[in-house]
Amino acid sequence: DVKVTQSSRYLVKRTGEKVFLECVQDMDHENMFWYRQDPGLGLRLIYFSYDVKMKEKGDIPEGYSVSREKKERFSLILESASTNQTSMYLCASSLSSGNTGELFFGEGSRLTVL
Amino acid sequence: AQSVSQHNHHVILSEAASLELGCNYSYGGTVNLFWYVQYPGQHLQLLLKYFSGDPLVKGIKGFEAEFIKSKFSFNLRKPSVQWSDTAEYFCAVKVYNTDKLIFGTGTRLQVFP
């Protein structure tokens, strides 16, 4: 069964802290994505990666960075957390181009920045 | 840039009522379209998808969607909703020549018994 696992379901951090959100997929997918989900705004793409060590900015990359050192793992980093980064963060993965394009999602990490 | 619009933000229905959720996209070329559902406390999962062929697509749990190219629409329908359909529904379009999906703002559906 397809599985995308996000390491933390709930996090509470203080303004200025560095935050790591980890995501692991067990499907050998080439693509991995980080979205944030906010009420009334839907899902917005932060970054995605189509291969190890490769990354591309999404629609809202400011304040975030990512790391993909291994195919199965994609990390989202908030260098200095701010209150406007309080949100639900969703990781997803998919097979590479030429396929159906279906994304498989993790359960999400709800981050609160105080 | 490609975009997706969902005009119904919050829909409230009684069980057995019919459902139609609107979705419009902006791109005029070949599109791949999706509907995802997020049940309370659960992860997003695929409801149905359209790539080519028959514009009427059937998905899980009795849902279907119709691709109307001339209207740039991909509306989701279900003839008779159940309380268990209470969820948030997202329409998405695959960005041309990439593997990225752009999502709409979502529609929250509440079904009362």
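So, here is what we can say about the structure in this document. Fair warning: this is a prediction, and the values are worked out from it, not measured in the lab.

Rules and cut-offs
- Residues numbered from 1 in each chain as written.
- Chains lettered and ligands numbered in written order.
- Predicted model: local features only at pLDDT ≥ 70, side-chain atom pairs only at ≥ 80, totals over all residues.
- Heavy atoms only, no water.
- Helix = DSSP H or I, 4+ residues; strand = E, 2+ residues; numbered from the N terminus.
- Contact = heavy atoms within 4.5 Å.
- Buried < 20%, exposed > 50% of the residue type's maximum accessible area, 1.4 Å probe, protein only.
- Buried area = accessible area lost by both parts, 1.4 Å probe.
- Salt bridge = Lys/Arg side-chain N within 4 Å of Asp/Glu carboxyl O.
- Pairing = 2+ DSSP bridges.
- Axes fitted to C-alpha atoms, helices over the stretch in contact; angles between N-to-C directions.

### Looking at the environment of Pro-61 of chain A
Link 1 in the chain: As for its position among the elements, Pro-61 of chain A is in the loop between strand S6 (54–57) and strand S7 (65–70).
Link 2 in the chain: If near-sequence neighbours (up to four positions away) are discounted, Pro-61 of chain A is found in contact with Ile-46 and Tyr-47 of chain A.

### Concerning the side chain of Asp-85 of chain B
Residues and elements named next belong to chain B.
Link 1 in the chain: Considering the arrangement of structural elements, one finds Asp-85 in the loop between strand S9 (73–78) and strand S10 (87–94).
Link 2 in the chain: Since its relative accessible area comes to 1%, Asp-85 is described here as buried.
Link 3 in the chain: Setting aside its immediate chain neighbours within four residues, Asp-85 contacts Tyr-39, Phe-63, Lys-78, Leu-109 and Val-111.

### Topic: the interface of chain B and chain A
Link 1 in the chain: At the junction of the two partners, chain B supplies 18 residues and chain A supplies 23 residues.
Link 2 in the chain: Carbon and sulfur atoms make up 54% of the surface buried where chain B meets chain A, a total of about 1700 Å² over both sides.
Link 3 in the chain: Of all residues in chain B, Asp-99, Lys-100 and Phe-103 of chain B give up the largest surface area on contact with chain A, accounting jointly for 33% of the area buried on that side.
Link 4 in the chain: Where chain B packs against chain A, one counts one salt bridge.
Link 5 in the chain: The shortest N-O distance in the salt bridge between Lys-49 of chain B and Glu-102 of chain A comes to 3.8 Å.

### Topic: unusual backbone geometry
Link 1 in the chain: Phi is positive for Lys-53 of chain A, close to 65°, though the residue is something other than glycine.
Link 2 in the chain: Position of Lys-53 of chain A relative to the elements: it lies in the loop between strand S5 (42–51) and S6.

### Structural notes on the sheet that holds S7 of chain A
Residue and element names in this part refer to chain A.
Link 1 in the chain: The four strands are arranged S1-S3-S8-S7 in an open sheet whose pairing can be described as antiparallel. Edge positions in the open sheet fall to strand S1 (4–6) and S7, since each of these has one partner strand only. Strand-to-strand, the axes of this sheet are offset by a mean angle of 20°, without reference to chain direction.
Link 2 in the chain: As paired elements, S1 and strand S3 (residues 19–25) share three bridges and run antiparallel to each other. Paired with Val-4 across the strands is Gln-25, a residue of S3.

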